[in-house]
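Each chain, written out:
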Amino acid sequence: QISNGATGARAVLNQEVQQEDNSFYVTNMFESDLFHIPVLTITQMKLIRAESAAEIGGDLSTAITDVNDIADRAYGFPALESTATREEIIEAARVERRLEFPCNGQRLHDVKRIGAQEGDFDVRGVPYDCNGMILQFPAAEQTDLFPLNPGGGC
C-alpha cells in the first residue's frame, strides 16, 4: 500500500501476497455485484487543476486548497501549508494521485506524461520510455509470430 505518512486514514485497497518465492499485490477494489467505475471524478479534476496551476505558475492558493480538500477528506488534515511552493504542490498532487487511483491504469499515463514533460524520469531505475514500459503485452499473447517487447530492465 502506498502511504504518505498517515496511518489508517485510507482504506487498504491492495495487499501483498506471498506464494513460494513470488510476491505480488492484489486488490479487491473492483469486487462488486455492480461494476461502477467513474470516468472522471471531482478528485481527478482538483488534482489536475492543482498540478497544472503549480506547473504554469497559476493561482497557487487554489492549487493548495484543491490538494488540501483531498487530503482533508482522506486523512482529516491538510497536506500542504498555505505557503507551499510550486514544487511542493506538484509533489503533493502527484502523491495524492497515486494514493487516490490505485490499480486502475492512471499511474502509467502519469508516468508517460511526467516523463514527456521532464525528460529524465525513471521508474524503479528504468527510463519511463523504455520499450517494456511503453507497450508491453501479456506473456499469454506471445507466439512464434508475435515476440514480446523486452521487459523490465530494458
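What this report covers is the structure whose coordinates are included nearby. (Residues numbered from 1 in each chain as written. Predicted model: local features only at pLDDT ≥ 70, side-chain atom pairs only at ≥ 80, totals over all residues. Heavy atoms only, no water.)

1. A look at the overall build of the chain
- If you tally the helices and strands in the chain, you get five helices and four strands.
- Seen in sequence order, the chain has helices and strands lined up from the N terminus as β-β-α-α-α-α-β-β-α.
- Within the span of the chain, comprising 154 residues, buried residues form 29% of the whole.
- Relative to all contacts within the chain whose residues are 6 or more apart in sequence, the contacts with residues 24 or more apart total 44%. (Helix = DSSP H or I, 4+ residues; strand = E, 2+ residues; numbered from the N terminus. Buried < 20%, exposed > 50% of the residue type's maximum accessible area, 1.4 Å probe, protein only. Contact = heavy atoms within 4.5 Å.)

2. Digging into the pattern of salt bridges
- Per the counting criterion, the structure on display carries 10 salt bridges.
- D69 is the salt-bridge partner of K46, the closest N and O atoms lying 2.5 Å from each other. Here the residue K46 occupies a position in helix α1 (residues 42–56), and D69 occupies one in helix α2 (residues 60–75), the gap between them amounting to 23 residues.
- Salt bridges sharing common partners tie together E51, E55, R94, R97, D110, R113 and E118. (Salt bridge = Lys/Arg side-chain N within 4 Å of Asp/Glu carboxyl O.)

3. A short note on the packing of aromatic side chains
- One pass over the full model with this rule turns up one aromatic pair.
- Relative to F77, the ring of Y75 lies with its centre 5.6 Å away and its plane at 25°, an arrangement referred to as stacked.
- Given the relative accessible area of 14%, Y75 is considered buried.
- You can call F77 partly exposed: its relative accessible area is 43%. (Phe/Tyr/Trp six-rings, centres within 6.5 Å; stacked < 30°, edge-to-face > 60°.)

4. Quick notes on helix α4 (residues 106–118)
- For α4, with 13 residues, the first-to-last C-alpha span of 18 Å sits near the 18 Å given by 1.5 Å per residue.
- Within α4, the full set of buried residues consists of Q106, D110, V111, I114 and G115. Here the buried residues of α4 occupy an arc of 155° about the axis, which is enough to place them on one side. Seen from the buried face of α4, the exposed residues on the opposite side, beyond 90 degrees, are H109 and A116.
- Taken from the residues just after α4, G119 is the one with a positive phi, measuring 80°. (Expected span 1.5 Å × (residues − 1). Arc of directions from axis to C-beta.)

From the geometry alone we can't say anything about function, so treat these as descriptive.
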